[in-house]
Amino acid sequence: MLDVLTQKIHDEARQGEAYTPFINDPAQYHKKFYIESYGCQMNFSDSEIVASILQNAGFGATRNVAEADLVLLNTCSIREKAEQTVRKRLTEFRKIKQAKPGLLVGILGCMAERLKSKLLEEEHLVDLVVGPDAYRSLPGLVEEAEGGQKAVNVLLSREETYADISPVRLNSNGVSGFVSIMRGCNNMCTFCVVPFTRGRERSRDAFSIVRECQDLFDRGYKEVTLLGQNVDSYYFTPETGDSSLGKATVVVTFALLLEMVAKISPLLRVRFSTSHPKDITDDVLHVITRYENICKYIHLPVQSGSSRILQMMNRTYTREWYMAKINRIREIIPNCGISSDIIAGFCTETEQDHQDTLSLMEYSGYDLSYMFFYSERPGTLAQRRYKDDVPEAVKKRRLQEIVDLQNRLSKESNKKDQGKTFEVLIEGDSKKSEQDWMGRTSQNKVIVFSKSGNAYKKGDYVKVKVTDCTKATLLGEII
Ligand code: SAH
Ligand code: SF4
Ligand code: F3S
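Residues numbered from 1 in each chain as written. Chains lettered and ligands numbered in written order. Predicted model: local features only at pLDDT ≥ 70, side-chain atom pairs only at ≥ 80, totals over all residues. Heavy atoms only, no water.

Enquirer: Could you give an account of the overall build of the chain, with specific residues and numbers?
Expert: Each helix and strand counted, the chain has 15 helices and 21 strands in total. Over its C-alpha atoms the chain spans a radius of gyration of 23 Å, differing by no more than 12% from the 23 Å that the globule rule assigns to 479 residues. Principal-axis analysis of the C-alpha atoms gives the chain an extent of 60 × 55 × 55 Å. Evaluated residue by residue, the chain yields a buried proportion of 57% over its 479 residues. Within the chain, residue pairs in contact and separated by at least 24 positions form 73% of the contacts whose partners lie at least 6 positions apart. Carbon and sulfur atoms form 50% of the exposed surface of the chain, whose accessible area is close to 20700 Å². Measuring between centres, the 65 positive side-chain charges of the chain sit 3 Å from its 64 negative side-chain charges. (Helix = DSSP H or I, 4+ residues; strand = E, 2+ residues; numbered from the N terminus. Rg over C-alpha atoms; globule rule 2.2 N^0.38 Å. Buried < 20%, exposed > 50% of the residue type's maximum accessible area, 1.4 Å probe, protein only. Contact = heavy atoms within 4.5 Å. Areas by Shrake-Rupley, 256 points an atom, 1.4 Å probe, with all protein chains shown as cover. Lys, Arg positive; Asp, Glu negative; His and termini not counted. Charge placed at Lys NZ, Arg CZ, Asp CG, Glu CD.)

Enquirer: Describe the sheet that holds strand β16 (residues 368-373), listing the residues and the values that go with them.
Expert: Sheet architecture is open: 3 strands sit in the order β14-β15-β16, paired in parallel fashion. Two strands in the sheet have a free side with no partner beyond their single neighbour: β14 (297-299) and β16. Mean inter-strand twist for the sheet, computed between neighbouring axes without regard to direction, equals 10 degrees. Sheet analysis places strand β15 (residues 337-344) next to β16, joined by 6 bridges and oriented parallel. (Pairing = 2+ DSSP bridges. Axes fitted to C-alpha atoms, helices over the stretch in contact; angles between N-to-C directions.)

Below, the structure is given as structure tokens:
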């Protein structure tokens, strides 16, 4: 069954309308837009959809604000600090707008969705406010704004996935591409603003996902990352209209989708993010082991190590349940890299809860974590139900302890790799020296190694032996 389905999907992908080339020569356009993105990878990916929509409406992308007719900020609301960054940026754009009065300024993304038309009252220089599901209406809204009216569209949708829009790759290295496979989130973690800013969860047509990945591969890309707030709940029922496929019985789960993308070519690496611990299945773990080109790396945010706090966060698993999941991953994929997100100082968190987080980090042996202190967000369940009662100084101290522990864990994990040889995908020059390459292992670790006269290029796979490490990077040599 899988083979029939994947074959069909690959055939369709091949026949599918060709994805438009990366037309990005600003000289072709009489108007230019400049876009800056904040927040998660999905926002960056959305900016590429926005670029495509605007390009079709006659706007070319520019990296130079000074020559832009339209400036867009694709914003994030996840923590208060993310919003402050955008506000600060707006004060800088105010100066530019004073010098160039015709310039239009638009706020896109999660802050637009959260604050809606209130943003127009608070930030007078803003002309457009457009939420994440309303990007198709951008050309019309820009026209309105050009006519001197403020334009707002923050309608959320239950269907919009932008499946048919081929993103204009904005800041790509030409090796790794990001592909959105779903939008929104139904999980309602109590601390989180995303369900309010991104709306209901919906999965994108599997055919269009495979087609986009195939297209990236055909253009020389060697790695795709499948994106969603909760990729493991991906669920798509194709309307095949083909009775040989047993109509209506075919369901594309995340495990099946991964497999379909992995089959494009053994030379195309497949990554994905983010997995919610409650939804990642054994099927997914088995598919990861079955395909060499599916990277052995899972981002599995724990948030807290205390079952009581996890319950208040509505994460729907306990400490023990999470530990069992880690065991399962290590059992099925022994060489798997695992990373996490952690929040310090959630409402009512005690010293013991905090110790539980530290011990769970140690148990999981994370290679990497993204660590934050709790930032209360207006409108979330936690803001309505609980008091944000951990003093800031305590939050910060706990966060520091979490960061210190993670630094030790990362270093230990890197030390264990010394002497081992990994297949590395070369992503480009290392930040520090043009004499060195930078690439990643399947486990998502960054590795830097000397080019040493070898004829390799960006996008090649090389075998690299680890000779040394820091807490953040492996150092190695080509063998
Ligand atoms: N969908 C992903 C993550 C989305 S947001 C998931 O479920 O894991 C990325 C991370 O930001 C979260 O994992 C969480 O650790 C952090 N975060 C979200 N809301 C936060 C808040 N109010 N304060 C601090 N950190 C927060
Ligand atoms: Fe937010 Fe939870 Fe959804 Fe992640 S799973 S986006 S943390 S509500
Ligand atoms: Fe931020 Fe929205 Fe992503 S709140 S983290 S940009 S989904």
